[in-house]
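Each chain, letter by letter, is given below.
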Amino acid sequence: MAATPLKTRAAVRSFALGLPGAVEEFPWEDGAVAKVNKKIFVFLGAEGNTETPAISVKLKDEEAHGHALAVPGAKPTGYGLGRSGWVTIPLGGGGAPTELLCDWVEESYRTIAPKKLVAQLDAG
C-alpha cells in the first residue's frame, strides 16, 4: 500500500530536520520550510494540505533535476526559483517514493549547507 501524501510529507520533514543544523520555520501562513544556516533547503508546504501536497527542493545535479521534473505533476518552482534549480514535486499520487524524495532533500541540503555541516553529515 502506498504512503499517503501526509505520511510522505511527515517522513520527508522528519528526515530534513534530522540533518545537521537543520531547523523548521514558518515564514508564511501556508507552510513550513527547513533551513540550514538561515537558508531554506526545502519548502515543505502546509502540514494539513491534502489538496496539493508538494515539496520544493534545489537540485543542481542535472540528472537529479531532470529525474525530479519527470515525476508526474512536477514543475519548476514558481516565483522565479525554478531558474535557480528549484523543483516542486507533488507528494503521493504514484509519484516519487519517499526514499527518493529524501535523497533529493539531502542533495538540496548539500547545495545550501556550509561545508562543515556537509562534512558532519558525511562523517555521521
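Our structure's up above, just so we're on the same page.
The structure presented is a predicted model; accordingly, all values stated were derived computationally and were not measured.

Enquirer: Break down the environment of lysine 35 for me, citing the residues and quoting the values.
Expert: Tracing the backbone shows lysine 35 in strand E2 (residues 31-36). Overall, lysine 35 belongs to the buried group, its relative accessible area being 14%. Here lysine 35 is in contact with Gly21, Ala22, Val23, Glu25, Ile40 and Phe41, once residues within four sequence places are set aside. At 2.9 Å, the side chain of lysine 35 and the side chain of glutamate 25 are in polar contact.

Enquirer: Provide a residue-level description of the environment of isoleucine 89, including the pertinent values.
Expert: Checked against the element boundaries, isoleucine 89 lands in strand E6 (residues 86-90). As for isoleucine 89 and glutamate 106, which are separated by 17 residues in sequence, their C-alpha atoms are 15 Å apart. In contact with isoleucine 89, other than residues within four places in its own chain, are Ala54, Ile55, Val57, Ala68, Val71, Ala74, Leu101 and Trp104.

Enquirer: Describe unusual backbone geometry, with residues and values.
Expert: Even without glycine at this site, lysine 38 takes up a positive phi of about 70 degrees. Within the secondary structure, lysine 38 is located in the loop between E2 and strand E3 (39-45). Among the residues examined, lysine 38 registers a relative accessible area of 78% and is labelled exposed. Phi at tyrosine 79 is positive, roughly 60 degrees, even though this residue is not glycine. Looking at where tyrosine 79 falls in the secondary structure, it is placed in the loop between strand E5 (75-76) and E6.

Rules of the game
- Residues numbered from 1 in each chain as written.
- Predicted model: local features only at pLDDT ≥ 70, side-chain atom pairs only at ≥ 80, totals over all residues.
- Heavy atoms only, no water.
- Helix = DSSP H or I, 4+ residues; strand = E, 2+ residues; numbered from the N terminus.
- Buried < 20%, exposed > 50% of the residue type's maximum accessible area, 1.4 Å probe, protein only.
- Contact = heavy atoms within 4.5 Å.
- Polar contact = N/O pair within 3.5 Å; in protein donor to acceptor, adjacent residues only side chain to side chain.

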